[in-house]
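Chain residues, written in single-letter form:
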Amino acid sequence: MGSSFKPNSCTRKTPHRLETKNLSYKLCSQLDEYRSLCFGSNPRRGAKFILKDVNCEARPAELTAIAGPSGAGKTTLLEILAGRITPCRVSGQVLVNHRPMEVNQFRRTSGYVTQEDALFPSLTVRETLMYSALLRLPGGRKLADIRVGELMKELGLDHIADSRIGGGSNHGISGGEMRRVSIGVDLVHDPAVILIDEPTSGLDSASALNVVSLLRLMAVNQGKTIVLTIHQPGFRILELFDGLILLSDGFVMHNGSLNLLEARLKLAGHHIPHHVNVLEFALDVMESLVIHTSEYGNNQFLLKDKEHQDHKMRKQCSKIVKEKALLYSNSPMGEILILGQRFCFNIFRTKQLFVARVLQAIVAGFLLGTIFLNDGSQQSQVALQTRSGFFAFSLTFLLSSTTEGLPIFLEERRTLMRETSRGAYRVSSYVLANTLVFLPFLLMVGLLYTTPVYWLVGLRKDIEGFLYFSLVVWLVLLMSNSLVACFSALVPNFILGTSVIAGLMGSFFLFSGYFISKEKIPSYWIFMHYLSLFKYPFECLMINEYGGEQGKIRCIEISNGECILHGVEFLRQQGLKESQKWTNLAVMLGFIMGYRVLSFFILWSRCYTRK
């Protein structure tokens with residue numbers, strides 16, 4: 001089966017050798033960077049070097065580890081090698097097969113595995129790898145199925161293929177198995193280079209050894225160049241490394257084999273105890289050692305003071321870097337179909353969300369229906385106020401009921417940023433797929449609410465009025481969902497997101513014109529009246545109930561046996577026109593599309609603006 005997978009065999013014919021020359025990375029403030037890029041000024045002396053004149057290499061068919069104490073620059077070096085940090089902040093060179101790295105092309109043909117496992121808990125192992133394969137491999141489902149089958153055997157995941165990933169305290173698979181799935185997600189396109197950040201983090205010694213042994217076999221048997229960061233490995237794991245890049249305070253202290261490291265330590269007069277491995281001992285004594293590089297590849301340990309000079313950052317671009325177009329494996333429509341299917345699985349398998357939303361709609365519909373039972377039979381000012389109160393409460397409930405989708409959007413965003421950084425799909429495809437999936441789901445939720453409540457309350461008794469009422473409810477749910485999607489792209493976490501969204505919803509209710517009339521709103525706050533998501537559907541519901549031909553003959557207030565107020569007259573008193581019944585729907589559609597477009601630009605900026 002493995003030999004029939006053509007992309008696999010083709011990739012292995014081109015080994016990749018990574019190397020850096022005089023690589024430096026300086027962490028400065030955004031203001032310093034802006035001045036440097038726009039005006040050519042030097043960053044302030046207080047800016048901190050994360051990496052300093054780094055010269056190292058990683059060769060094909062070898063497992064290379066980047067080690068060092070916390071804060072040494074391990075992850076930063078790995079991210080630069082992966083092309084995830086903008087070249088504007090980096091001086092020196094990153095070479096791939098002796099040629100300068102083409103960042104966009106390299107990110108497509110390499111695999112980068114972050115320390116955190118960004119996997120969907122509701123998907124099975126097979127589905128997780130299959131969706132990754134569909135998004136990253138040309139050739140359709142048949143080829144993806146062959147590759148996934150091959151990969152699961154390679155990673156030893158056959159026995160848990162149909163187990164769900166799980167999450168939190170309800171893990172469907174073990175930590176070591178989850179780590180292998182995360183690695184597999186970045187191996188579906190059979191990259192020649194694999195870069196992994198802390199693959200053993202959070203694992204027990206047996207699971208950690210299993211993962212590193214698997215990577216070692218891939219490097220040797222498939223000719224891959226594998227680079228990983230590691231903090232303090234044990235004896236058995238250390239023996240699997242072909243090369244070691246030892247960092248301290250941004251300097252390369254060693255680049256070569258473990259035997260060479262041991263020889264240099266002994267040459268410097270150090271005796272390694274039997275119960276301590278070479279790397280642990282090197283980390284302990286490294287504070288007194290500083291690397292001196294006479295020429296690339298010839299590293300020596302020298303005992304000297306740890307002073308170093310500030311290096312001038314080479315200015316490699318004169319304006320902010322924009323992400324160039326990537327070559328994608330699928331068409332935009334193909335990406336939308338794949339992402340839409342995956343998103344459907346996530347919604348319907350998240351039972352707490354799905355069942356809660358369905359029950360919430362049904363219970364709220366019957367509960368409100370029985371509270372306001374046959375309220376339309378009354379013809380008085382009190383009945384009119386009660387009906388308006390029903391509309392106001394319904395909209396308050398509907399606009400507030402979709403905020404529970406915020407944690408799902410935040411989880412999706414984390415995965416989105418990982419997958420788009422690999423060039424798996426376009427951000428626009430994700431936003432469209434997300435929007436299209438919620439259309440039928442929220443329509444179902446809306447109908448489950450409107451069907452009981454409309455007829456129990458005794459609103460306008462005709463099918464046309466019911467359909468329009470249902471349409472307004474659907475658009476309200478979509479507006480709220482789009483607002484949540486937009487701010488989930490913007491806020492950093494769930495706590496801040498709920499606070500911002502709750503504050504906005506409260507403002508929308510306050511400035512809608514229901515609690516305080518438009519005429520009494522201060523002029524400097526009037527813009528909030530027109531931005532309110534509450535205003536337009538409320539007017540639609542009022543016009544639907546009291547407008548039209550029925551409104552001309554419908555009496556809503558009687559005094560002494562005579563009708564003193566008809567429906568159309570009431571609407572005229574409220575400053576509402578029949579034409580607003582449709583123009584307000586257009587405004588609501590504008591809000592839905594506006595929030596979705598805004599979420600696209602926010603996500604695009606997050607995904608394609610590198611460090």
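For the structure itself, consult the block above.
Residues numbered from 1 in each chain as written. Predicted model: local features only at pLDDT ≥ 70, side-chain atom pairs only at ≥ 80, totals over all residues. Heavy atoms only, no water.

Right, let's talk about the packing of helix α15 (residues 406-421) against helix α23 (residues 580-608) for a bit. Axes are the key here: two packed helices are described by the angle between their axes and the distance separating the axes. Taken N-terminus to C-terminus, the directions of α15 and α23 make an angle of 55°; their axes are 9 Å apart at the nearest point. The orientation of α15 with respect to α23, classified from their angle, is oblique. Remark: the crossing between α15 and α23 carries right-handed chirality. Taking contact as the criterion, the partners of R413, L416, M417 and T420 in α15 are, on α23, L603, R606, C607 and Y608. (Axes fitted to C-alpha atoms, helices over the stretch in contact; angles between N-to-C directions. Helix = DSSP H or I, 4+ residues; strand = E, 2+ residues; numbered from the N terminus. Parallel < 35°, antiparallel > 145°, perpendicular 65-115°, else oblique. Left-handed = near helix turned anticlockwise from the far one by under 90°. Contact = heavy atoms within 4.5 Å.)

For N22, which is not a glycine, the phi torsion comes out positive at approximately 50°. Assignment of secondary structure puts N22 in strand β1 (residues 18-27). With phi around 60°, A61 is a residue other than glycine that occupies positive phi space. For A61, the location among the structural elements is in the loop between β2 (48-58) and β3 (62-67). Note on A61: relative accessible area 32%, which makes it partly exposed. (Buried < 20%, exposed > 50% of the residue type's maximum accessible area, 1.4 Å probe, protein only.)

Turning next to the sheet that holds strand β4 (residues 90-96). The strands making up a sheet associate through hydrogen bonds between their backbones, and the pairing can be parallel or antiparallel. Read across the sheet, 4 strands follow the order β2-β1-β4-β5 without closing on themselves; strand pairing throughout is antiparallel. Two strands bound the open sheet, and with one partner strand each, they are β2 and β5 (99-100). The strands touched by helix α3 (residues 74-81) are β1, β2 and β4; relative to β2, the strand with the most contacts, the crossing angle is about 60°. (Pairing = 2+ DSSP bridges.)

It is worth spelling out the pattern of salt bridges at this point. Scanning all chains against the criterion turns up 19 salt bridges. Residue R59 pairs with E57 through a salt bridge whose shortest N-O separation is 2.7 Å. With a relative accessible area of 33%, R59 lands in the partly exposed category. Among the salt bridges present, the one from E262 reaches K266, with a minimum N-O distance of 3.4 Å. With E262 and K266 both in helix α10 (residues 258-267) and 4 residues apart, this pair spans about one turn of that helix. (Salt bridge = Lys/Arg side-chain N within 4 Å of Asp/Glu carboxyl O.)

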